[in-house]
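# A closer look at the structure
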Amino acid sequence: MSLTFHWFLPTNGDSRHVVGGGHGTPVTTTGGDRPPTVAYLSQIARVAEELGFVGALTPTGAWCEDAWLTTAMVSQNTERLKFLVAFRPGFVSPTLAAQMASTFQRQTGGRLLLNVVTGGESHEQKAYGDFLDKDARYRRTGEFLEIVRGLWQGKTVDLAGEHLRVEEAKLARLPEPVPKVYFGGSSPIAGEVAAKHVDVYLTWGEPPAAVAEKIARIRGLAAKEGRTLRFGIRLHVITRDTPEQAWAEANRLLEGFDPETVRSVQAGLARSESEGQQRMLALHRGGRDRLEIHPNLWAGIGLVRGGAGTALVGSHDEVAERIKEYHALGIDEFVLSGYPHLEEAYWFGEGVLPRLQARGLWSHPFPGVMAARPVAQIPFADAGGRR
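Predicted model, so just to flag it, every value in this text is computed and none were measured.

### Overview of helix α7 (residues 208–224)
- Relative to the 24 Å expected for 17 residues at 1.5 Å per residue, α7 spans 24 Å between its end C-alpha atoms, a close match to the ideal helical length.
- Here α7 has its buried residues at Pro-208, Ala-210, Val-211, Lys-214, Ile-215, Ile-218 and Ala-222. Within α7, the buried residues cover an arc of 155° as seen down the axis, which keeps them to one side. Across from the buried face of α7, at angles greater than 90 degrees, the exposed residues are Ala-209, Glu-213, Ala-216, Ala-223 and Lys-224.
- Downstream of α7 by a residue or two, Gly-226 has a phi angle that is positive, lying close to 75°.

### A short note on the environment of Arg-217
- Mapped onto the elements of the fold, Arg-217 is located in helix α7.
- Separated by 22 residues in the primary sequence, Arg-217 and Ala-195 have C-alpha atoms spaced 9.9 Å apart.
- Setting aside its immediate chain neighbours within four residues, Arg-217 contacts Ser-186, Ser-187, Pro-188 and Gly-191.

### So, the nonpolar core
- Within the largest apolar cluster, 75 residues are counted, with the highest numbers of intra-cluster contacts made by Phe-5, Phe-183, Ile-323, Tyr-326, Phe-334, Phe-348 and Leu-356.
- Here Leu-356 is in contact with Phe-5, Ala-320, Ile-323, Leu-361 and Trp-362, once residues within four sequence places are set aside.
- One finds Val-19, Leu-291, Ile-301 and Val-313 within the second-largest nonpolar core, a separate group that totals 20 residues.

### Examining the pattern of salt bridges
- Per the counting criterion, the structure on display carries 20 salt bridges.
- Across the pair Arg-16 and Glu-343 runs a salt bridge, and its minimum N-O distance is 3.3 Å. Taken together, the residues span a long stretch of sequence, with Arg-16 in the loop between β1 (4–8) and α1 (38–51) and Glu-343 in helix α12 (residues 341–351) at a distance of 327 residues.
- On the basis of relative accessibility, which here comes to 48%, the residue Arg-16 falls in the partly exposed class.
- With relative accessibility at 23%, the residue Glu-343 sits in the partly exposed group.
- Residues Glu-79 and Arg-80 are paired through a salt bridge, measuring 2.9 Å at the closest nitrogen-oxygen approach.
- Via salt bridges that share partners, Asp-317, Glu-321, Arg-355 and Arg-359 belong to a single interconnected network.

The rules behind each value
Here the residue numbering is sequential within each chain, running from 1 through the sequence in written order. Restriction of local features to residues with pLDDT of at least 70 applies here, the model being predicted, together with a cutoff of 80 or more for giving and counting side-chain atom pairs; totals for whole chains, interfaces and linings are based on all residues. In computing side-chain properties, one takes all heavy atoms of the structure into account and sets aside hydrogens as well as water. Numbering of helices and strands starts at the N terminus; helices are DSSP runs of H or I of at least 4 residues and strands are runs of E of at least 2. Given the number of residues in a helix, its expected span is that number minus one, multiplied by 1.5 Å. Working definition: with a 1.4 Å probe on protein chains only, accessible area under 20% of the residue-type maximum means buried, over 50% means exposed, and in between means partly exposed. The directions from the helix axis to the C-beta atoms are what the arc is built from. Any pair of residues with heavy atoms lying within 4.5 Å of one another is described as a contacting pair. To form a nonpolar core, buried Ala, Val, Leu, Ile, Met, Phe, Trp, Tyr and Cys residues must be joined to one another through side-chain atoms within 4.5 Å. One side-chain nitrogen of Lys or Arg within 4 Å of one carboxyl oxygen of Asp or Glu is enough to make a salt bridge.

Written as structure tokens, this is what we have:
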């Protein structure tokens, strides 16, 4: 089976430096270098589509543009790219969310994927009017997905749960196809939700041994439910023609990290309730030394950014080998990003994907696209999103 690659739409802004933000931390000033206009995001999306990425992840939270609205607009400037829309189930009715997903599928030709984000920071959730604690949020997520999946199957749903209640809920029009549900979470209760309700379990980029342990745990929980899941990993990437060039770029990014910003971000992330975030922090503990935590796996991004904090760094061949290593553990989907997202999409798409194709691990999901619609003919926006 061919590996699946997704790119990232930086709806918090883009830059030639790392744009921080997420898990309750504000976007750093570099987020204003390339504002997240529809024109600029569409430029990234079109390039990702041409290069062979299947989808593009959009984040959710107070620190970025709304994922539903943004992807709905960007979808009109693309043809095949799917949108992995991150959303928080506590902020919208499950019946309305099922209806929104159904509408999105019809209006885009079936290009919606859903990334369910339960929410790991109580202070951010409270700003949206959600006052449940972390475990309760996960139990609500389970109820939410039970309702949504029932509606997508054409059922009339009645559910009186601990947190959600619907009566005679039904969709007038079903989504075609039913969106795949992506989900991540490292806590025990997150594993229970994944095992029962999701299609693809996502992990952040930990060293292979830790990823293997997590896959085994989730796979075992799913088996008890009589289900099988796909597994994906979320990583940044810095790939170049030679290892020296790649590490020079990583060091350039590191040199741009203001010490005060690092201290502030790390202090904020240390208060995170997310077990996954704490696992990210443990990889570097706020220090700049020993950031290569596994061959070609660099934890430097996590010094200034919440959430996914590791990057694959190396030559195209080295990065391809690390992807092969993760695939051997059971990872079939890779959600990648890099700064800036336009240029790094090219580095990966032109440098690594052909090597994976030569190894029989990947094939372009849209055969003939490059020949039919050359990248050079795509209208490009400038860094500010203007044509």
